[in-house]
Amino acid sequence: MSRHAAIDQDFGDGTYCFRLGLSELEELERKRNLSIFEIVERLRLRTSRVSDMSEVLRLGLIGGGMSPVNAMALVRRYVDERPLDENRDVAYAVGLAGVMRLHTVEDAPSSGEGEAVNSSVSISPPSTDLQP
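Report on the accompanying structure. The structure presented is a predicted model; accordingly, all values stated were derived computationally and were not measured.

On to the packing of helix α1 (residues 22-32) against helix α3 (residues 50-63). In contact at an axis separation of 10 Å, α1 and α3 are set at 160° when each is read in the N-to-C sense. Relative to α3, the element α1 is oriented roughly antiparallel. Along this stretch, α1 crosses α3, giving a crossing that reads as right-handed. Within the contact between the two elements, α1 uses Glu24, Glu27, Leu28, Lys31 and Arg32 and α3 uses Ser51, Asp52, Glu55, Val56, Arg58, Leu59 and Gly63.

Written as structure tokens, this is what we have:
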């Protein structure tokens, strides 16, 4: 499996691989009737809905290689039955990785095209400080 846009995150009872590939992004946008950029922004601003988080995490787990049945079971157990904000940062990191289309150093193109990006994602909002 290509690890393009993949990110490993602690979630629920372990560390899982999440990946929002093109098919997962398309399904997410269709199900939420929002663009991935709008979903990620809602997660960042903490204005997201439960279904935004649930779908990002469910589809991310499926894209990361988990069966749809197991992904749904994990999301039900660790999102639907837990405090809402407990998984917001994980969903934000997964969504952001999908937007940025991250890949790990070992998956970087050998032709020298493009720069490899570290697979760890900062979930902090960008700085608004202006430098003189």
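Having seen it, we continue.
Once that is clear, we can look at unusual backbone geometry. Even without a glycine there, the phi angle at Asn33 is positive, about 55°. For Asn33, the location among the structural elements is in the loop between α1 and α2 (36-45). We classify Asn33 as exposed; its relative accessible area is 68%. One non-glycine residue, Arg46, lies in positive phi territory at about 60°. Tracing the backbone shows Arg46 in the loop between α2 and α3.

Attention now goes to the packing of α1 against α2. Between α1 and α2, the least distance of the axes is 9 Å, while the angle of their chain directions is 75°. Here α1 is positioned roughly perpendicular relative to α2, judged by the angle of their axes. On the side of α1, the interface is formed by Leu25, Leu28, Glu29 and Arg32, while α2 contributes Ile36, Ile39 and Arg42. Looking at the contact of α1 with α2 residue by residue, the classes come out as 4 nonpolar, no polar and 3 charged.

Okay, the packing of aromatic side chains next. Counted according to the given criterion, the structure contains 3 aromatic pairs. Ring plane angle 75° and centroid distance 6.4 Å describe the contact between Phe11 and Tyr16, whose orientation is recorded as edge-to-face. Like Phe11, the residue Tyr16 is buried in the burial classification. On the basis of an interplanar angle of 75° and a centroid distance of 6.0 Å, the ring pair of Phe11 and Tyr78 is categorised as edge-to-face. You can see Phe11 sitting in strand β1 (residues 6-11) and its partner Tyr78 sitting in helix α4 (residues 68-80), a full 67 residues away along the chain.

A separate point is the pattern of salt bridges. Counted by the stated rule, this structure contains 10 salt bridges. A salt bridge links Arg44 to Glu41; the shortest N-O distance between them is 2.7 Å. Of the two residues, Arg44 and Glu41 are both situated in helix α2; the distance of 3 residues between them amounts to about one turn of the helix. On the accessibility criterion, Arg44 (28% relative accessible area) is partly exposed. Across the pair Glu86 and Arg82 runs a salt bridge, and its minimum N-O distance is 2.8 Å. For Glu86, a relative accessible area of 40% translates into the label partly exposed. Within the structure, one salt-bridge network assembled from shared partners comprises Arg46, Asp85, Arg88 and Asp89.

Reading guide: rules and limits
- Residues numbered from 1 in each chain as written.
- Predicted model: local features only at pLDDT ≥ 70, side-chain atom pairs only at ≥ 80, totals over all residues.
- Heavy atoms only, no water.
- Axes fitted to C-alpha atoms, helices over the stretch in contact; angles between N-to-C directions.
- Helix = DSSP H or I, 4+ residues; strand = E, 2+ residues; numbered from the N terminus.
- Parallel < 35°, antiparallel > 145°, perpendicular 65-115°, else oblique.
- Left-handed = near helix turned anticlockwise from the far one by under 90°.
- Contact = heavy atoms within 4.5 Å.
- Buried < 20%, exposed > 50% of the residue type's maximum accessible area, 1.4 Å probe, protein only.
- Nonpolar A, V, L, I, M, F, W, Y, C, P; charged D, E, K, R; others polar.
- Phe/Tyr/Trp six-rings, centres within 6.5 Å; stacked < 30°, edge-to-face > 60°.
- Salt bridge = Lys/Arg side-chain N within 4 Å of Asp/Glu carboxyl O.

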